[in-house]
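Summary of structural features
Here are the chains, one letter per residue:
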Amino acid sequence: MHVLNHVLTSRNRVQKHNRRIKQLAEDENDLADEEDDHLRDQGYARPKVLLLFPTRGTCWAFVKQMIELLGDAAILEMEDRFDAEYGPIKREKGSEEDEDEEKTRIDAIMKQKGREWNELFGEEANDDDDFKIGLSLTPNVDRKKITAKKGPSVTSSGSGVKLRLFSDFFHSDIILASPIGLKISTTKEESDDEEGENDKGDVDFLSSIEICVVARSDVLMMQNWDHVNSVLDSLNQQPKNVSNIDFSRVRNYFLEGQGKFWRQMIVVSAFTDPYVLSTFRRHAKNVEGQLRIRKKVPTENASICDVMVRVKQVFQRVTCPTVSDAGSSRLRFFSDHVLPKLQRLQQKHTLIYIPSYFDFVAVRNLLLKREAKFVSVTEYARVSEVSRGRARFLQGLKPIMLYTGRAHFFLRHKIKGARHVIFFGLPEYDEFYPSVVNMLNEGLTSEDEDDVSHLPMSSLSLFTKFDAHQLERIVGTSHAERMIKGDKSSYVFAS
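Residues numbered from 1 in each chain as written. Predicted model: local features only at pLDDT ≥ 70, side-chain atom pairs only at ≥ 80, totals over all residues. Heavy atoms only, no water.

**What to know about the confidence of the model for the chain**
Let me state the cut-off plainly: pLDDT gives the predictor's per-residue confidence on a scale running from 0 to 100. Residue contacts are defined here by distance: any two heavy atoms, one from each residue, within 4.5 Å place the two residues in contact.
Mean pLDDT over the chain stands at 86; residues scoring 70 or higher make up 88%. Residue range residues 190-200 is modelled with pLDDT below 50. Its contacts to residues more than four positions away, or to other chains, number five contacts.

**A few points about the nonpolar core**
Burial of nonpolar side chains together is a common tendency in soluble globular proteins. Our working rule: Here, nonpolar core refers to any group of buried Ala, Val, Leu, Ile, Met, Phe, Trp, Tyr and Cys residues whose side-chain atoms link them within 4.5 Å. The classification of residues rests on relative accessible area computed with a 1.4 Å probe and restricted to protein chains. Under 20% of the type maximum is buried, over 50% is exposed, and intermediate values are partly exposed.
Counting 69 residues, the largest nonpolar core has L50 and F315 as the members making the most contacts within it. Contact partners of L50, with chain neighbours within four places excluded, come to I175, L182, L206, I209, I211, C212, V213, V231 and L235. Ranked by size, the runner-up nonpolar core spans 28 residues in total, among them V49, F82, L163 and I211.

**Some words on the packing of aromatic side chains**
For the record, the criterion: Only Phe, Tyr and Trp rings are paired, with Trp represented by its six-membered ring, and only when their centres lie within 6.5 Å; those with planes under 30 degrees apart are stacked, over 60 edge-to-face, the remainder tilted. Numbering goes from the N terminus for both helices and strands, where a helix is a DSSP run of H or I of at least four residues and a strand is a run of E of at least two.
This model, assessed by the stated rule, comprises 26 aromatic pairs. Aromatic pair Y86 and F131: ring centres 5.7 Å apart, planes at 90 degrees, arrangement edge-to-face. Remark: F131 occurs in the loop between α5 (115-121) and β3 (132-142) and Y86 occurs in helix α3 (residues 79-86); sequence separation between them is 45 residues. For the pair formed by Y86 and F131, the shared burial category is buried. Taking 4.9 Å as the distance between ring centres and 15 degrees as the angle between the ring planes, the aromatic pair formed by Y253 and W262 counts as stacked. Take W262: its relative accessible area is 47%, and that puts it in the partly exposed class.

**Some words on the sheet that holds strand β4 (residues 159-165)**
In plain terms, the rule: Paired strands are those between which DSSP finds at least two bridges. Simply put, an axis is a line fit to the C-alpha atoms, just over the touching stretch for a helix, and the angle between two N-to-C directions goes from 0 to 180 degrees.
Spatially, β2-β4-β3-β5-β1-β6-β7 is the arrangement adopted by the seven strands of the open sheet, whose pairing is mixed. Strands at the two margins of the open sheet, each flanked by one partner only, are β2 (74-77) and β7 (264-267). Going from strand to strand, the sheet's axes swing by 15 degrees on average, the running direction of each strand aside. Relative to β4, β3 runs antiparallel, the two being bridged by six bridges. For V141, the partnering residue across the bridge sits in β4 and is G160. Against the sheet, helix α7 (residues 179-186) engages β1 (49-52), β3 and β5 (174-177), with an angle of about 120 degrees to β1. In this fold helix α8 (residues 217-233) packs onto β1, β6 (211-214) and β7, with an angle of close to 145 degrees to the strand it touches most, β6.

**Points about the sheet that holds strand β14 (residues 490-494)**
An order of β10-β11-β9-β12-β13-β8-β14 is seen for the seven strands of this open sheet, with the pairing classed as mixed. Among the strands making up the open sheet, the edge pair consists of β10 (374-377) and β14. Taken pair by pair, the neighbouring strands of this sheet meet at an average axis angle of 20 degrees, ignoring direction. When strand β9 (residues 350-354) meets strand β12 (residues 420-423), the two strands line up parallel, connected through four bridges. Bridged to T350 within β12 is H420.

**Some points on the environment of F374**
Here F374 shows up in strand β10. For F374, a relative accessible area of 16% puts it in the buried group. Sequence-wise, F374 and T350 are 24 residues apart; in three dimensions their C-alpha atoms are separated by 9.4 Å. Once you skip the residues sitting within four places of it in the chain, F374 turns out to touch R364, L367, L368, K398, I400 and L402.

**With respect to the packing of helix α2 (residues 56-70) against α3**
The relative placement of two packed helices comes down to the angle between their axes together with the axis-to-axis distance. Short version of the rule: Under this scheme an angle from 65 to 115 degrees is roughly perpendicular, one under 35 degrees roughly parallel, and one over 145 degrees roughly antiparallel; angles in between are oblique. Under the scheme applied here, ten amino acids are nonpolar (Ala, Val, Leu, Ile, Met, Phe, Trp, Tyr, Cys and Pro), four are charged (Asp, Glu, Lys and Arg), and all others, including Gly, are polar.
Two numbers describe how α2 lies on α3: the axes approach to 9 Å, and their chain directions differ by 150 degrees. The orientation of α2 relative to α3 falls into the category roughly antiparallel. Taken together, the residues of α3 that come into contact with α2 (itself represented by R56, G57, C59, W60, V63, K64 and I67) are E79, F82, D83, E85 and Y86. Looking at the contact of α2 with α3, its residues break down into six nonpolar, one polar and five charged.

**Looking at a nonpolar patch on the surface**
What counts is decided by this rule: Patch construction takes residues with relative accessible area above 30% that form no salt bridge. Like charges are linked within 9 Å, and nonpolar side chains (Val, Leu, Ile, Met, Phe, Trp, Tyr) are linked within 5 Å. Only the protein chains shown count as cover for residues, with accessible areas throughout obtained via the Shrake-Rupley method and a probe of 1.4 Å. Counted as salt bridges are all cases of a side-chain nitrogen of Lys or Arg within 4 Å of a carboxyl oxygen of Asp or Glu.
Nonpolar side chains collect at one region of the surface, where V242, F247 and L255 lie side by side and expose about 230 Å² of accessible area between them. Of note, V242 is situated in the loop between α8 and α9 (252-255).

**What about the pattern of salt bridges?**
Under the counting rule described, the total for this entry stands at 20 salt bridges. Between D173 and R46 there is a salt bridge whose closest N-O contact spans 2.9 Å. Here D173 is found in the loop between β4 and β5, whereas its partner R46 is found in the loop between α1 (2-26) and β1, with 127 residues between them in sequence. Since its relative accessible area comes to 0%, D173 is described here as buried. A salt bridge links D467 to R330; the nearest nitrogen and oxygen atoms lie 3.2 Å apart. Residue D467 is located in the loop between β13 (458-463) and α16 (468-475), and its partner R330 is located in helix α11 (residues 326-345); the two are separated by 137 residues in the primary sequence. For the pair formed by D467 and R330, the shared burial category is buried. Salt bridges sharing common partners tie together R11, R46, K48 and D173.

**Structural notes on α1**
The criterion, for reference: The span expected for a helix works out to 1.5 Å for each residue beyond the first.
The end-to-end C-alpha separation of α1 is 36 Å, in line with the 36 Å expected for 25 residues at 1.5 Å each. Three or more residues of α1 are buried, namely V3, L4, V7, L8, S10, R11, V14, Q15, H17 and L24. Where α1 is buried, its residues touch β1, α2, β3, β4 and β5.

Dropping the structure here:
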């Protein structure tokens, strides 16, 4: 609604001024008689709004909502192509009997992964993360002319808003893209020759962005947040090609290179994260200031309440002087206090959840150095490697499994064979904590080796004072404040 209102208001103002300039030209009056800033209604380029999405499916859903808001006034162009390239993916159908069996099997698997996962990566979801598309809005379009082109079957009359998809960027009002898609198209490679320099590294179409919306920031952070920062760095720069710019219509703050101070930046995320906050503080420089909306988590709504297995959950605060030392401090504590105990007791069926891939590499190297037996499940591993590792972990042939947060986000594996879980760092998504803890004892029976089903289960979570946001979502605001600032370093929750 906000994006539509801004674009349509701007376009109406431009059309009004175009008519005024035309009238003055016909009356042979000098434009200098007009007020100096009265006709300054544009930027260097036409695009006013930039929307960043993680997948084509989320982009498609947003455009459909925009069309719904326009209602009967919408006059659509290229909608069929947009639905084909960005809409839900249709599966190929086999025989009716096979189709029913396959659908039943897939539905059962998808149900376990959760509703939100299915919206992003489900069977019909378009999860491609490399895309960019321009969208133009033209208000006050005469429907009679459109009717004449489409044929006598169209009976609409009056004026409407023409919404054209796949418009050229320099003729678009709104640009919808993924960070990686936009970064690729605006990155100039050093090896490019002079002939290709005009086609690469051109960010002039981003020089006059007035509203930037970073949607689903939590998902974008799971992809690569550096791409988001790279795109935001390209906004509101002075254009290199000025041959087609009417400087008499350009707003003064753009001419003075102050466009970023008038740009509205909206960042939407399912949770608060230091990386998102850092980007927001860095790029949200509007003269009106900044506004951050944060929801406190009551204890009864904390995700730890969703743990269904009977297990003592220990939260261990690790001393850490600076945020840059958080990973190394956790690794040092794990190396000095946790891993020696695991090796001394020869503890099997231990699942180690590691949110960051960089921390995973550090822990993996440590285990290799200590000659510990383990398997790993990451987002980069082949399906065969994952299947083989999960089987060996379930059978007790490998006592330790390293499981990355991004692997859980993208694949939602249901790990079987775990009796003990160690969170090397707290999950970004609060629902990941109970979903991982509830995996304990999954797939194990009293007939397994060492009668593991009768051994006490355990859960250990390592955190630092810089993990306050994640901790708040898991245990609640009041508990988190006490755990971050309290004198004790260990806290126990029982379910």
